[in-house]
Amino acid sequence: MNRYKILSWIALIISVSLLILPRFVSICTGHTGNGSPMQCHYAYQAEFIITLLAVILSASLLVLRTTEGRLLASFIVLLLGITVIILPKSWAIGICENGACLKTASFTTIGGSILAITGLLIAFLISKTQSEEVT
């Protein structure tokens, strides 16, 4: 198995683990004074959508055959990993200050970082392979 396939499988596994993470590590279930859910609820709903896209694109890395398609998918995986890191920050959607979701946010940040690095490595590997084929 070549490096591209290994990195693609790592991206898929990290994406799936980020997708199911809030089911195993609890997020805040509190409500605000007027009965609406806390920010954490909305942050992790957005995280679910982003990681679902990351799962689809990571899986597509395993079946794409063209260099351009692989490069585009890996770049989007990189961007989705960065988005996963950004969403729980207070200047984005944010999470509550003292809830159980702080632990979930730290795991999400680690997973998003690994996903972004994997996307970057795949893009670098593809561009390096493409430049070697041209020369």
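A few points on the structure.

How each quantity is defined
- The written sequence of each chain sets the order in which its residues are numbered from 1.
- Totals for whole chains, interfaces and linings use every residue, but because this is a predicted model, local features are given only for residues with pLDDT of at least 70 and side-chain atom pairs only at 80 or more, for both listing and counting.
- Hydrogens are left out, water is left out, and the side-chain values use all remaining heavy atoms of the structure.
- Joining through side-chain atoms within 4.5 Å is the link that ties buried Ala, Val, Leu, Ile, Met, Phe, Trp, Tyr and Cys residues into a set, and such a set is a nonpolar core.
- In this scheme, a residue with accessible area under 20% of its type's maximum is buried, one over 50% is exposed, and one in between is partly exposed, where area comes from a 1.4 Å probe on protein chains only.
- Strands are runs of DSSP state E lasting at least 2 residues, helices are runs of H or I lasting at least 4, and numbering of each runs from the N terminus.
- A contact between two residues is defined here by any heavy atoms of the two lying within 4.5 Å.
- To estimate how far a helix should reach, multiply one less than its number of residues by 1.5 Å.
- Given a residue, its bend is the angle between the two axes fitted to the seven residues that end at it and to the seven that start from it.
- Patch membership requires over 30% relative accessible area and the absence of a salt bridge. Like charges are linked within 9 Å, and nonpolar side chains (Val, Leu, Ile, Met, Phe, Trp, Tyr) within 5 Å.
- The accessible surface values rely on the Shrake-Rupley method and a 1.4 Å probe; as for residues, cover is taken only from the protein chains in view.
- Salt-bridge detection follows one rule: a side-chain nitrogen of Lys or Arg within 4 Å of a carboxyl oxygen of Asp or Glu.
- The axes are straight lines fitted to the C-alpha atoms, using for helices just the contacting stretch, and the angles between their N-to-C directions are given from 0 to 180°.
- An angle below 35 degrees is treated as roughly parallel, one above 145 as roughly antiparallel, one from 65 to 115 as roughly perpendicular, and anything else as oblique.
- Crossings are sorted by hand: turned counterclockwise from the far helix by less than a right angle, the near helix makes the crossing left-handed, and turned clockwise it makes it right-handed.
- The residue classification treats Ala, Val, Leu, Ile, Met, Phe, Trp, Tyr, Cys and Pro as nonpolar and Asp, Glu, Lys and Arg as charged. All others, Gly included, are polar.
- Any pair of nitrogen or oxygen atoms within 3.5 Å is treated as a polar contact; in protein, a donor-acceptor pairing is required on top of that, and neighbouring residues in sequence qualify only through side-chain atoms on both sides.

**Quick look at the nonpolar core**
Argument step 1. By size, the foremost hydrophobic cluster in this structure holds 19 residues, and its most contacted members are Tyr-4, Leu-61, Leu-115 and Ile-122.
Argument step 2. Contributions of two or more residues to this core are made by α1 (3-24), α2 (39-63), α3 (67-86) and α4 (101-134).
Argument step 3. If sequence neighbours within four positions are ignored, Leu-115 has contacts with Ala-11, Ile-14, Ser-15, Leu-18, Ala-54, Ser-58, Val-77 and Gly-81.
Argument step 4. Residues Ala-43, Tyr-44, Cys-101 and Ala-105 belong to the second largest nonpolar core, which totals seven residues.

**Side note on α1**
Argument step 1. A rise of 1.5 Å per residue sets the reference length of α1, with its 22 residues, at 32 Å; its end C-alpha atoms lie 30 Å apart and thus fit the reference within 8%.
Argument step 2. Remark: the principal bend of α1, roughly 30°, maps to Leu-18, with a proline, Pro-22, within the next four residues.
Argument step 3. By the burial criterion, the buried members of α1 are Tyr-4, Leu-7, Ser-8, Ala-11, Leu-12, Ile-14, Ser-15, Leu-18, Leu-19, Leu-21 and Pro-22.

**Points about a nonpolar patch on the surface**
Argument step 1. A contiguous nonpolar patch, built from Ile-6, Ile-10, Phe-107, Ile-110 and Ile-114 and spanning about 410 Å² of accessible area, is present on the exposed surface.
Argument step 2. Of all the secondary-structure elements, those providing two or more residues to the nonpolar patch are α1 and α4.
Argument step 3. The element contributing the most residues to the nonpolar patch is α4, with three residues.

**A closer look at the packing of α1 against α2**
Argument step 1. At their nearest, the axes of α1 and α2 sit 8 Å apart, and the two run at 155° to each other. Between α1 and α2, the interaxial angle falls into the category roughly antiparallel. Crossing angle aside, the handedness with which α1 passes α2 is left-handed. Where α1 abuts α2, its residues Tyr-4, Lys-5, Ser-8, Trp-9, Ala-11, Leu-12, Ser-15, Val-16, Leu-18, Leu-19, Pro-22 and Arg-23 lie against Tyr-44, Phe-48, Thr-51, Leu-52, Ala-54, Val-55, Ser-58, Ala-59, Leu-61 and Leu-62.
Argument step 2. Grouping the constituent residues of the contact of α1 with α2 by class yields 16 nonpolar, four polar and two charged.

**A closer look at the side chain of Ser-60**
Argument step 1. As for its placement among the helices and strands, Ser-60 is situated in helix α2.
Argument step 2. According to the relative accessible area criterion, Ser-60 is buried, its value standing at 18%.
Argument step 3. Separated by 2.6 Å, the side chain of Ser-60 and the backbone oxygen of Leu-57 make a polar contact.

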